[in-house]
Amino acid sequence: MKRILALVMALAMLCALTGCVSDSERQARKEALNALNGSYGSYAMNDGTTIEPIELFNNNDVIVKLVGIIGESDDIRLLFAVRNGTRKDINLSADTLLINGWSLSSYFDESTVKAHSVTMVSMSSMSGYDDCVYLKAVPVWSLGLDITMYNSDYDQIGSVNYSTYTSSYTGDENIEPPDGYTIVDESGILIRLTNMTTSESGTKLTMYAQNDSSRHIAIGTNRARLNGNPVEMWMWNGLVSGARYLDTERISEEDTYGDVVVSADDELTFNLEVSDYDNGTTLISKDITVRVGDLLELSGF
């Protein structure tokens, strides 16, 4: 009995010191080590689209390599091999993901890489496709990303800004903006209201923005009113230079957040503000007034 207890205690101590590793963790480590050494798996999207692997960051202690792209056009995952040779865990922040120039919310499926470890992590798109029929209809031909890395003390280790074309790129980058009600078209910034839907389950408004300026901008709405009565319609997005997005938000009652149903003769007003994302300087501020019927007639894409 004493021998059994001693063996159990020894195994427990070994597990505590080395960490109990699952089969999936072993496989992720094996894939990452192979990728970091230049041997890559057959990573491709369902339609055959691939990207060239590339080392994005290397400060000797931390290495981040983009190794592949998988999934479908409306469910994309980017694969990274990461080596953390430091004594602290590191965290990866997905700051920007651009697919064919469209800005999508994104996240790392496993954002923490443990100290003294090697593993695979993936970045996935979180939202944006629901509104953008265009992205669902064509192959992924370009991507861009911004990543920031921190240690467990929240000290920044480094950052990555990278863009590339995929194997599906044909040389045609012309994307016509969707039709809509234009509310801003100046200084390289185009903003349109492209669609409104209303039913017993509520009302939603879609906004398109395109940033051809040299600035990283923030676009927000405030002081929304329907027929002079305050309503909730909060839109806020950052948009890097050269990118575009579609954002759909719900319009609701101000205090109760209850559903709002609109009719063609209603009038929607709100303030639109465009500012410099980095320093907060206001670039454009406009009070917008629009007849709801004009928005209900829009079809977006």
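Please read these numbers as outputs of a predicted model, since none were measured by experiment.

Calculation criteria
- Residues numbered from 1 in each chain as written.
- Predicted model: local features only at pLDDT ≥ 70, side-chain atom pairs only at ≥ 80, totals over all residues.
- Heavy atoms only, no water.
- Helix = DSSP H or I, 4+ residues; strand = E, 2+ residues; numbered from the N terminus.
- Phe/Tyr/Trp six-rings, centres within 6.5 Å; stacked < 30°, edge-to-face > 60°.
- Buried < 20%, exposed > 50% of the residue type's maximum accessible area, 1.4 Å probe, protein only.
- Lys NZ or Arg CZ within 6 Å of the ring centre and 35° of its normal.
- Salt bridge = Lys/Arg side-chain N within 4 Å of Asp/Glu carboxyl O.

**Q** What is the right way to read the environment of Thr-269 from this model?
**A** Relative to the assigned elements, Thr-269 resides in strand β17 (residues 267-276). Along the backbone, Thr-269 and Arg-225 are 44 residues apart, and their C-alpha atoms lie at a distance of 5.2 Å.

**Q** Help me out: how do you make sense of the packing of aromatic side chains in this one?
**A** Any aromatic ring pair is given by two values, namely how distant the centres are and how the planes are angled relative to each other. Inspection of the entire model under this criterion finds five aromatic pairs. Judged by centre distance (5.8 Å) and plane angle (65 degrees), the rings of Trp-102 and Tyr-208 are edge-to-face. Of this pair, Trp-102 sits in strand β5 (residues 102-108) while Tyr-208 sits in strand β12 (residues 202-211), placing them 106 residues apart in sequence. Note on Trp-102: relative accessible area 2%, which makes it buried. Of the residues examined, Tyr-208 reaches a relative accessible area of 0% and is grouped as buried. Centroid distance Tyr-165 to Tyr-169: 3.8 Å. Interplanar angle 15 degrees. Geometry classified as stacked. Of the residues examined, Tyr-165 reaches a relative accessible area of 40% and is grouped as partly exposed. The ring of Trp-102 has Arg-244 sitting right over it, with the charged end atom 5.7 Å from the ring centre.

**Q** Is there a simple way to explain the pattern of salt bridges in this structure?
**A** Two side chains of opposite charge can pair, provided their charged atoms sit close to one another. Under the criterion given, the structure shown has eight salt bridges. Between Arg-26 and Asp-23 there is a salt bridge whose closest N-O contact spans 3.0 Å. With a gap of three residues between them, Arg-26 and Asp-23 both fall in helix α2 (residues 23-36), about one helical turn apart. Here Arg-77 ties to Asp-109 by a salt bridge, and the two come within 3.9 Å at their closest N and O atoms. Taken together, the residues Arg-77 in strand β3 (residues 75-84) and Asp-109 in the loop between β5 and β6 (112-113) connect sequence positions 32 residues apart. The class for Asp-109 is partly exposed, based on a relative accessible area of 36%. One salt-bridge network, held together by shared partners, links Asp-265, Arg-291 and Asp-294.

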